[in-house]
Amino acid sequence: MTRTPHRLTAVALTGLLALGIPALAGCGNVAENAIEQAAGDAIGGDVELSDGGLTVTNSDGTQMQLGENMSVPDNWPSGLPTYDGGSLVSVVVEGDGSTVNAVWTTEEAAEDAAATYGAALESAGYTAGTTSNMAGMANTEYTGGEFTVNVTALDADGTTTLMVNAEKQRSGRAWEP
């Protein structure tokens, strides 16, 4: 899927707008519907505001969610585990399932969060590859299953951010459209 800087900017601004003005979303359906319609028109997709955040779905089925305690979208690949130890705050799943990017926050230490998610990946048939741990950051690449998965956990001020980036494999390498 080819993305233009304009479309990415519109998505980013929509997310910031929706998260920055929760009072407007709470004003009732009229204000919420107006925001959703304007944002949807700007990006060429469907926008839904909720108490917890924002969901954007474009015409090819790609879904982006921003907020607190989000749930993985319906198009989350069944062979890719989720992280059960924290709050999902951002997720993007390409419509064709070829790319997944998710961010959780947790109170677990970075190395522990990375190990917890790594164990879930290994249970799903993935194998750990290159690993690095330094200065409050843990990073490991996993292969196997359907995806090449990069797991990064970073401690900052007592909160850990766990980032999962997965690309579908085809013939032993990352999937290419």
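Residues numbered from 1 in each chain as written. Predicted model: local features only at pLDDT ≥ 70, side-chain atom pairs only at ≥ 80, totals over all residues. Heavy atoms only, no water.

In this section: the overall build of the protein. For the protein, the count of helices and strands is 4 helices and 10 strands. Reading the helices (α) and strands (β) of the protein from amino to carboxyl end gives α-α-α-β-β-β-β-β-α-β-β-β-β-β. Buried residues in the protein amount to 37% of all 177 residues. Restricting to contacts in the protein with at least 6 residues of sequence separation, those with at least 24 account for 40%. (Helix = DSSP H or I, 4+ residues; strand = E, 2+ residues; numbered from the N terminus. Buried < 20%, exposed > 50% of the residue type's maximum accessible area, 1.4 Å probe, protein only. Contact = heavy atoms within 4.5 Å.)

Let us now look at the pairing of strand β9 (residues 159-170). Where strand β5 (residues 99-106) lies against β9, 8 bridges are found, and the strand directions are antiparallel. Among the inter-strand pairings, Val 103 is bridged to a residue of β9, identified as Met 163. Examined bridge by bridge, strand β8 (residues 147-156) and β9 share 10 bridges and lie antiparallel to one another. Among the inter-strand pairings, Val 151 is bridged to a residue of β9, identified as Val 164. If you look at the hairpin formed by β8 and β9, you'll find 2 residues sitting between the two strands, and Asp 157 has a positive phi there, around 55 degrees. (Pairing = 2+ DSSP bridges.)

Before going further, it helps to spend a moment on the nonpolar core. Formed by 25 residues in total, the largest nonpolar core has its most connected members in Trp 76, Leu 80, Trp 104, Tyr 117, Leu 121, Val 149 and Leu 162. Mapped by element, the contributors of at least two residues to this core are β4 (87-93), β5, α4 (110-123), β7 (137-144), β8 and β9. Looking at which element gives the most residues to this core, the answer is α4, with 5 residues. Not counting residues within four places of it along the chain, the set of residues in contact with Val 149 comprises Leu 80, Tyr 117, Leu 121, Tyr 126, Thr 140, Glu 141, Tyr 142, Val 164, Asn 165 and Ala 166. (Core = buried A, V, L, I, M, F, W, Y, C linked by side-chain atoms within 4.5 Å.)

Let us now look at α4. The terminal C-alpha atoms of α4 lie 20 Å apart, and with 14 residues this matches the ideal 20 Å at 1.5 Å per residue to within 8%. Residues of α4 that are buried: Ala 110, Ala 113, Ala 114, Tyr 117, Gly 118 and Leu 121. Mapping the buried residues of α4 onto a view down its axis gives an arc of 130 degrees, with all of them on the same face. Every exposed residue of α4 that faces more than 90 degrees away from the buried side is listed here: Glu 111 and Ser 123. On the buried face of α4, the contacting elements are β5, β6 (126-134), β7, β8 and β9. After α4 finishes, the residue Gly 125 shows a positive phi value of roughly 100 degrees. (Expected span 1.5 Å × (residues − 1). Arc of directions from axis to C-beta.)

Take the environment of Ser 98 next. Within the element layout of this structure, Ser 98 appears in the loop between β4 and β5. The buried category is assigned to Ser 98, whose relative accessible area is 5%. In sequence terms Ser 98 and Lys 168 are 70 residues apart; their C-alpha atoms lie 4.8 Å from each other. A distance of 2.7 Å separates a polar atom in the side chain of Ser 98 from a polar atom in the side chain of Asp 96. (Polar contact = N/O pair within 3.5 Å; in protein donor to acceptor, adjacent residues only side chain to side chain.)

Our next topic: the confidence of the model for the protein. When pLDDT is averaged along the protein, the result is 77; 70% of the residues meet or exceed 70. Averaged pLDDT values over the elements of the protein bottom out at 42 in helix α2 (residues 22-25) and peak at 96 in β5. Note on residues 1-28: pLDDT under 50 across the span, and 30 contacts to partners over four residues away in sequence or across chains. (pLDDT = per-residue confidence, 0-100.)

Moving on, we get to the packing of aromatic side chains. Per the stated rule, a full pass over the model turns up 3 aromatic pairs. Aromatic side chains Trp 76 and Trp 104 sit 6.2 Å apart centroid to centroid with 80 degrees between the ring planes, which places their arrangement in the edge-to-face category. A residue pair is termed long-range when its members are at least 10 positions apart, and Trp 76 in the loop between β3 (63-67) and β4 and Trp 104 in strand β5 qualify at 28 residues. The exposure class assigned to Trp 76 is buried, which follows from its relative accessible area of 10%. Between Trp 104 and Tyr 117, the ring centres sit 6.3 Å apart and the planes meet at 35 degrees, which makes this aromatic pair tilted. Taken together, the positions of Trp 104 in strand β5 and Tyr 117 in helix α4 put the pair 13 residues apart, joining distant regions of the chain. Of the residues examined, Trp 104 reaches a relative accessible area of 2% and is grouped as buried. Accessibility expressed as a relative area gives 0% for Tyr 117, which makes it buried. (Phe/Tyr/Trp six-rings, centres within 6.5 Å; stacked < 30°, edge-to-face > 60°.)

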